Amino acid sequence: MKESAVKKIAVLTSGGDSPGMNAALRAVVRTANYYNIECYGVREGYNGLINNDFLKMGPRSVKNIINQGGTILKSARSAEFRTKEGRQKAYENCVKHGVDALVCIGGDGTFTGAKIFNEEFGIKVIGVPGTIDNDIFGTDNTIGYDTALNTAMEAIDKIRDTATSHNRVFFVEVMGRDAGFIALNSGLATGALDILIPEKKDSMDELFTTFRNAEKTGKASSIVVVAEGEKLANIYQLAEQTQKEFPDYDIRVAILGHIQRGGSPSCADRVLASRLGYGAVIGLMEGKTNVMAGMRSNDMVYTPIEEAIKKHNEINKDLLLISEILAI
């Protein structure tokens, strides 16, 4: 490999945490070390850039973290970095440490910040997609998605035991503010009667029809998986309206919440994070900037950050159909 285009990099984790961020951080630090690039960790995302919270990192700084959820660098959403003054301070601190490139691990908010920072001050930036929602274009999966999916699936399996024991209907809310990937896949994997996601135009009539069809086939208990970003109604309203339509149903609501963001990353997430962390450093060494490292069809690809933010991964329509066919 010819001489690296960067000599000193900094890595940060920003926005919502996701399982596998530590594995990505470890890969960045150790790949940089392998290629004799100095590496700093920045604590608390963009706040750390502004507050000069840099720490020198070497191979031993990231020992025993590949299996840990969350992020040892801590994460934060930075209001100050949204201002020109905040970004100016961040730039001055980068200059002070001689940092010529940033690896930003996070979701679309993180990438938006990186893109603006690069355009204003010319510091090279590369994104690594870490978010459980899987809603970033340019990679088949984002870091943390597989783990969150398995966490949701295991939780719904446990709820199903109660549902079948008592002939109950459970409305289960899973994470996914603007995207239904977790809901669709965990719903399919747990045999949910219906799956409500923001990408699909849902109606109460369709939901009620699904319940009636289930009754006809003798189904006594049911699970409906709802993405938190579902546009039809919030989960309590959905349960309430269903109760009015079916007064005899014993209906319960369960919100899985932040348990989906934590936990030890799955094998798939550890491997993905390791590949993308390595890919981010290699990309910077080759002079790439304002791009995101991703995996598509098992190959490393670099997508312009602008595209990664603006475009969205499409929901697989086949999965929707399969879930409907297999549910009754």
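All of these numbers come straight from a predicted model, not from anything done at the bench. (Residues numbered from 1 in each chain as written. Predicted model: local features only at pLDDT ≥ 70, side-chain atom pairs only at ≥ 80, totals over all residues. Heavy atoms only, no water.)

### Side note on the nonpolar core
Core analysis: the biggest nonpolar cluster contains 33 residues, and Ile9, Val11, Leu25, Val103 and Val128 have the highest contact counts within it. Elements supplying a minimum of two residues to this core: strand S1 (8–13), helix H1 (21–34), strand S4 (101–106), strand S5 (124–129), helix H9 (267–285) and strand S10 (291–296). Ranked by residues supplied to this core, first place goes to H9 with eight residues. In this structure Val103 touches Ile9, Ala10, Val11, Leu12, Val28, Ile126, Val128, Ala280 and Leu284, once residues within four positions along its chain are discounted. (Core = buried A, V, L, I, M, F, W, Y, C linked by side-chain atoms within 4.5 Å. Buried < 20%, exposed > 50% of the residue type's maximum accessible area, 1.4 Å probe, protein only. Helix = DSSP H or I, 4+ residues; strand = E, 2+ residues; numbered from the N terminus. Contact = heavy atoms within 4.5 Å.)

### A few points about the packing of aromatic side chains
The final tally for this structure, using the stated rule, is twelve aromatic pairs. Here Tyr40 and Phe54 contribute two aromatic rings whose centre-to-centre distance is 6.1 Å and whose plane-to-plane angle is 80°, an arrangement assigned as edge-to-face. Of this pair, Tyr40 sits in strand S2 (residues 38–42) while Phe54 sits in strand S3 (residues 54–56); the two residues are 14 residues apart in sequence, bridging distant segments of the chain. Since its relative accessible area comes to 12%, Phe54 is described here as buried. Summarising the aromatic geometry, the rings of Phe246 and Tyr249 are spaced 4.6 Å apart at their centres and angled 5° between planes, so their arrangement reads as stacked. Counting every residue linked through ring pairs, the aromatic cluster contains Tyr46, Phe81, Tyr91, Phe117 and Phe121. Cation over ring: Lys288 sits above Tyr302, and NZ or CZ is 4.8 Å from the ring centre. Between the NZ or CZ atom of Arg296 and the centre of the ring of Phe137, over which it lies, the distance is 4.9 Å. (Phe/Tyr/Trp six-rings, centres within 6.5 Å; stacked < 30°, edge-to-face > 60°. Lys NZ or Arg CZ within 6 Å of the ring centre and 35° of its normal.)

### Overview of the domain arrangement of the protein
In terms of domain boundaries, the protein breaks down into domain 1 (8–144 + 265–310) and domain 2 (145–261). On a C-alpha basis, the centroid separation for the pair domain 1 and domain 2 is 34 Å. Taken together, the contact between domain 1 and domain 2 spans 17 residues of the former and twelve residues of the latter. Here domain 1 meets domain 2 over a buried area of about 1,200 Å², counting both sides, of which 49% is carbon and sulfur. (Domains from an automatic or database assignment. Buried area = accessible area lost by both parts, 1.4 Å probe.)

### Some words on the pairing of S2
Burial analysis of S2 places four of its five residues in the buried class, the great majority of the element. In this region the chain leaves S1, passes through H1 and returns to the parallel neighbour S2; the handedness of that crossover is right-handed. (Right-handed = clockwise from strand over helix to strand, strands pointing away.)

### Quick notes on the packing of helix H6 (residues 181–189) against helix H11 (residues 317–327)
Contact pair H6 / H11: the axes reach a minimum separation of 10 Å and the direction vectors enclose 35°. Judged by the sense of rotation from one axis to the other, the crossing of H6 with H11 is left-handed. Residues Leu184, Asn185 and Leu188 of H6 touch H11, and the partners they reach there are Leu319, Leu320, Ile322, Ser323 and Leu326. Residue composition of the contact of H6 with H11, grouped by class: six nonpolar, two polar and no charged. (Axes fitted to C-alpha atoms, helices over the stretch in contact; angles between N-to-C directions. Left-handed = near helix turned anticlockwise from the far one by under 90°. Nonpolar A, V, L, I, M, F, W, Y, C, P; charged D, E, K, R; others polar.)

### Some thoughts on the environment of Arg177
Residue position: Arg177 is located in the loop between strand S6 (168–174) and H6. What makes Arg177 exposed here is its relative accessible area of 51%. Separated by 20 residues in sequence, Arg177 and Ile197 place their C-alpha atoms 9.7 Å apart. Every residue in contact with Arg177, bar those within four places of it in the chain, is listed here: Asp133, Glu228 and Gly229.

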